[in-house]
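# Summary of the model geometry
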Amino acid sequence: MAQPNGGIGNVTPNTALVEMAMAYSRSRVLCAAARLGVADALGDEVRSVGFLAEKCQADATALYRLLRALASIGVTEETTPEHFRLTSFGKPLRRDVAQSVWPDVIFWADLLADDWSLLTDCIRTGKPASQVRDPKIPSRWSQVAEAHSIFRAVMGTAPAEDYAPIAKAWNFSRAKVVADLGGGGGSLILAVLGLNPHLRGMLVDLESSIDAAKTRFAKEDPSSRCELMVADLTESVPAGADVYMLKHFLHGCVDEEAITILKNCRAVIPQNGSLLIIEFILPTLVSHTDTQLEAHLMSDLNMLAVTGGKERSEREWKTLLEAAGFILTGVYPVGDDNLMVKNVGILEAKPA
């Protein structure tokens, strides 16, 4: 019998809760389309189901059912019976277009969804999925050969202008050299340098991330104002900057690891230098429905399941900083409607 929301199952007065329970269906449909390469097979043409089945190496009848579902959510359009084209909405699923979301879909709907499937056990034990998974069952992270390149494609590779609101939220006028620690593809440091022509920069990350960033910096930083540096932040932090930034990095760390990294920053930062921690800042009380806050609290659970880290309140950040020899000197909201930075805060700290 159909539910009031048009789904399949028993009639229930708690429709909204059931809709939440069924919310994974769109995610799995998009994941299947991305994994099969449906968008790439369609390209800019109208294609038959038979052609697509051959290209995607899929069963034609089953693929037709997937294509219809994709059409119902606006990704494809059935132009004539069993012939489909990609919509403008679905175009970013192609791997060969600028700002493709293919890596993002695989990252969230495949790799991370695997860890989220163990959320109940993560909450029971307080441990991430990697520690509660049956060792006989391999994780998707270990099964997908391109998992690490997908991670790098998702982290820090958006256009630099998307990070401009962060770069504008703190006064860099008195700084000389700014280091972006764990900066991934370099979007934030490029935004900071773009708005502050007097600055020089340092992008610091693991070797694989730095190697991946070299081509971008050759194009977007032709004057070589930013030095690309390889380092493991749990081991050491390079000296040479008077401002150090950590954006959405420490939330992936348990407290002990976060303190270790902060102490490594403390060891090299000048006495008049500044440490900027750019993160979501959770409130001390969650007393009402809030869709923006929901995203941050879902990120908190994501950290629990995937890395063992967590999102933190201002008080928790203050405690971490003090344990590493810093004092919290200011909190600067980044109020912007850009989804990349919405409700992000900059915690400014100085050596104690």
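To be clear, the structure that these remarks concern was listed above.
Residues numbered from 1 in each chain as written. Predicted model: local features only at pLDDT ≥ 70, side-chain atom pairs only at ≥ 80, totals over all residues. Heavy atoms only, no water.

Here we take up the overall build of the chain. When helices and strands are counted, the chain shows 16 helices and 11 strands. Its C-alpha atoms give the chain a radius of gyration of 23 Å, near enough to 20 Å, the size a compact globule of 352 residues would have. Each of the three principal axes of the chain carries a C-alpha extent, and together these read 70 × 50 × 40 Å. Counting over 352 residues, the chain shows a buried share of 45%. The contacts of the chain with a sequence gap of at least 6 include a subset with a gap of at least 24, amounting to 65%. Accessible surface computed for the chain: about 18300 Å², of which carbon and sulfur atoms make up 53%. Taking the 34 positively charged and 43 negatively charged side chains of the chain as two groups, their mean positions are separated by 1 Å. (Helix = DSSP H or I, 4+ residues; strand = E, 2+ residues; numbered from the N terminus. Rg over C-alpha atoms; globule rule 2.2 N^0.38 Å. Buried < 20%, exposed > 50% of the residue type's maximum accessible area, 1.4 Å probe, protein only. Contact = heavy atoms within 4.5 Å. Areas by Shrake-Rupley, 256 points an atom, 1.4 Å probe, with all protein chains shown as cover. Lys, Arg positive; Asp, Glu negative; His and termini not counted. Charge placed at Lys NZ, Arg CZ, Asp CG, Glu CD.)

In this section: the packing of aromatic side chains. All told, the structure shown has five aromatic pairs when counted by the stated rule. Summarising the aromatic geometry, the rings of Tyr64 and Phe84 are spaced 6.0 Å apart at their centres and angled 65 degrees between planes, so their arrangement reads as edge-to-face. With Tyr64 in helix 5 (residues 60-72) and Phe84 in strand 3 (residues 83-86), this residue pair connects regions lying 20 residues apart in the sequence. Neither Tyr64 nor Phe84 differs from the other in exposure class; each is buried. Ring geometry for Phe107 against Trp141: centres 6.0 Å apart, planes inclined by 85 degrees, an arrangement best described as edge-to-face. Taken together, the positions of Phe107 in helix 6 (residues 102-116) and Trp141 in helix 9 (residues 140-143) put the pair 34 residues apart, joining distant regions of the chain. Relative accessible area serves as the criterion here: at 4%, Phe107 is assigned to the buried category. Judged by relative accessible area, which is 23%, Trp141 ranks as partly exposed. An aromatic cluster is defined as three or more aromatic residues linked by ring pairs; in this entry it consists of Phe107, Trp108, Trp141 and Phe151. The ring of Trp102 carries the charged tip of Arg95 above its face, separated from the ring centre by 3.6 Å. (Phe/Tyr/Trp six-rings, centres within 6.5 Å; stacked < 30°, edge-to-face > 60°. Lys NZ or Arg CZ within 6 Å of the ring centre and 35° of its normal.)

A separate point is unusual backbone geometry. Among all residues except glycine, the phi angle is most often negative; among peptide bonds, the trans geometry is most common. In the Ramachandran plot, Ser224 falls in the positive-phi region, its phi being about 55 degrees despite a non-glycine side chain. Structurally, Ser224 is set in the loop between helix 13 (207-220) and strand 6 (226-230). We classify Ser224 as partly exposed; its relative accessible area is 47%.

It is worth spelling out the pattern of salt bridges at this point. Per the counting criterion, the structure on display carries 16 salt bridges. Residues Asp211 and Lys214 are paired through a salt bridge, measuring 3.3 Å at the closest nitrogen-oxygen approach. Of the two residues, Asp211 and Lys214 both sit in helix 13, three residues apart, roughly one turn of that helix. For Asp211, a relative accessible area of 38% translates into the label partly exposed. Its relative accessible area of 45% is what places Lys214 among the partly exposed residues. (Salt bridge = Lys/Arg side-chain N within 4 Å of Asp/Glu carboxyl O.)

A word on helix 5. Compared with the 18 Å implied by 1.5 Å per residue over 13 residues, the 18 Å span of helix 5 between its first and last C-alpha is a close match. Contact partners of the buried residues in helix 5: helix 2 (24-36), helix 3 (38-42), helix 4 (49-56), strand 2 (76-80) and strand 3. By the N-cap criterion, in which a side-chain oxygen at the helix start approaches the backbone nitrogen of a residue two or three places on, helix 5 is capped by Asp59, the distance to Thr61 being 3.2 Å. Phi for Gly74, located one or two positions after helix 5, is positive at around 90 degrees. (Expected span 1.5 Å × (residues − 1). Polar contact = N/O pair within 3.5 Å; in protein donor to acceptor, adjacent residues only side chain to side chain.)

By size, the foremost hydrophobic cluster in this structure holds 32 residues, and its most contacted members are Val38, Leu63, Leu67, Leu70, Leu111 and Ile150. When residues of this core are traced back to their parent elements, those giving at least two are helix 2, helix 3, helix 4, helix 5, strand 3, helix 6 and helix 10 (147-154). Looking at which element gives the most residues to this core, the answer is helix 6, with seven residues. The contact partners of Leu111, leaving out residues within four places of it in the chain, are Ile106, Arg140, Trp141, Val144, Ala147 and Ile150. (Core = buried A, V, L, I, M, F, W, Y, C linked by side-chain atoms within 4.5 Å.)

Here Asp180 lies in strand 4 (residues 177-181). Of the side chains bearing the opposite charge, Lys247 lies closest to the buried Asp180, which forms no salt bridge; the N-O distance is 8.2 Å. Apart from residues no more than four positions distant in its own chain, Asp180 is found in contact with Leu188, Ile189, Met202, Leu203, Val204 and Met245.

Further remarks concern the packing of helix 6 against helix 10. Where helix 6 contacts helix 10, the axes come no closer than 9 Å and their chain directions differ by 120 degrees. Taken together, helix 6 and helix 10 sit at an angle that is classed as oblique. In this structure, helix 6 meets helix 10 at a crossing whose hand is left-handed. Listed contacts from helix 10 to Trp102, Pro103, Asp104, Ile106, Phe107 and Leu111 of helix 6 are Ala147, Ile150, Phe151, Ala153 and Val154. Considered class by class, the residues forming the contact of helix 6 with helix 10 number 10 nonpolar, no polar and one charged. (Axes fitted to C-alpha atoms, helices over the stretch in contact; angles between N-to-C directions. Parallel < 35°, antiparallel > 145°, perpendicular 65-115°, else oblique. Left-handed = near helix turned anticlockwise from the far one by under 90°. Nonpolar A, V, L, I, M, F, W, Y, C, P; charged D, E, K, R; others polar.)

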